[in-house]
Every structure is written in structure tokens, then in C-alpha cells.
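Given next are the chains, with one letter for each unit.
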Amino acid sequence: MWSIETLDTSSHDRAAFDCGVDDLNDWLRKQANQSTKRGSTLTRVLVKEGEGRVYGYYAQTAYSLVGEELARAF
């Protein structure tokens, strides 16, 4: 059975993860934990229950655009 869990570097093996995009692989391996500790990102990982291997992930971060920034974004 599969589950989606909050990234925990002590129980999730990120080293074997490979989605085919080097930048995404590197971010998960090198930056995800630091971003979580800073409170800027929440990373969830897809794992098989009873295993620590990461099969997929997504990250959420909060960002806001106001006034002129919003107009420049589009």
C-alpha cells in the first residue's frame, strides 16, 4: 500500500530517488530538508508502507503577490 507522508530525513531515503530531472532530484536530496526546517516549504513524499524509499514528492510554499507585482506577473 502507498502513502503520502511529510518528509522525514531520518526515515525517508532520498538518495535513490530519480525522476529524470536533475534539478528536481538535487532539490529533494539537498534542499528540501533545509527548506522545511526554515518553515518556508512543506514537502510530502510518496512511499510504500514499510519502506523508506521515496518514489515521488511535491512541495508547497506560500508566496503572495500584491499590487504592482501581480500586474507584472501577467
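The text that follows walks through the structure, step by step, so that each part is easy to find.

Conventions used here
Residues numbered from 1 in each chain as written. Predicted model: local features only at pLDDT ≥ 70, side-chain atom pairs only at ≥ 80, totals over all residues. Heavy atoms only, no water. Core = buried A, V, L, I, M, F, W, Y, C linked by side-chain atoms within 4.5 Å. Buried < 20%, exposed > 50% of the residue type's maximum accessible area, 1.4 Å probe, protein only. Helix = DSSP H or I, 4+ residues; strand = E, 2+ residues; numbered from the N terminus. Contact = heavy atoms within 4.5 Å. Expected span 1.5 Å × (residues − 1). Bend = angle between axes of the 7 residues up to and from the residue. Polar contact = N/O pair within 3.5 Å; in protein donor to acceptor, adjacent residues only side chain to side chain. Pairing = 2+ DSSP bridges. Axes fitted to C-alpha atoms, helices over the stretch in contact; angles between N-to-C directions.

1. Quick look at the nonpolar core
Counting residues in hydrophobic clusters, the biggest one holds 7 residues: Leu7, Phe17, Leu28, Ala32, Val45, Val47 and Val54. When residues of this core are traced back to their parent elements, those giving at least two are helix H1 (22-38) and strand S2 (42-48). Filtering out sequence-adjacent residues up to four positions away, Val45 remains in contact with Ser3, Ile4, Glu5, Leu7, His12, Val54, Gly56 and Tyr57.

2. Regarding H1
With 17 residues, H1 extends 23 Å from end C-alpha to end C-alpha; this agrees with the ideal 24 Å at 1.5 Å per step. The sharpest bend along H1 measures roughly 55° and falls at Gln31. Along H1, the positions that sit buried rather than exposed are Asn25, Leu28, Ala32 and Ser35. Looking at the buried positions of H1, the neighbouring elements they touch are S2 and strand S3 (56-60). Just downstream of H1 lies Gly39, where phi reads positive at about 85°.

3. Comments concerning the side chain of Ser35
With respect to the helices and strands, the residue Ser35 is situated in helix H1. A polar atom in the side chain of Ser35 sits 3.3 Å from the side chain of Arg38. Apart from residues no more than four positions distant in its own chain, Ser35 is found in contact with Trp27, Ser40 and Thr41.

4. So, the sheet that holds S3
The antiparallel open sheet is built from 3 strands, whose spatial order is S1-S2-S3. Each having just a single partner strand, strand S1 (2-6) and S3 make up the two edges of the open sheet. Ignoring which end each strand starts from, the neighbouring axes of this sheet average 20° apart. Here 5 bridges tie S2 to S3, and the two strands are oriented antiparallel to one another. Bridging from a neighbouring strand, Leu42 pairs with Gln60 of S3.

5. Describing the pairing of S2
Within a regular strand, the side chains alternate between the two sheet faces. Burial of the side chains of S2 is restricted to one face: Thr43, Val45 and Val47 are buried, whereas none of Leu42, Arg44, Leu46 and Lys48 on the reverse face is. As paired elements, S1 and S2 share 5 bridges and run antiparallel to each other. Each residue of the ladder has a partner; that of Trp2, found in S2, is Lys48.

Geometric descriptors of this kind do not, in isolation, establish any biological role.
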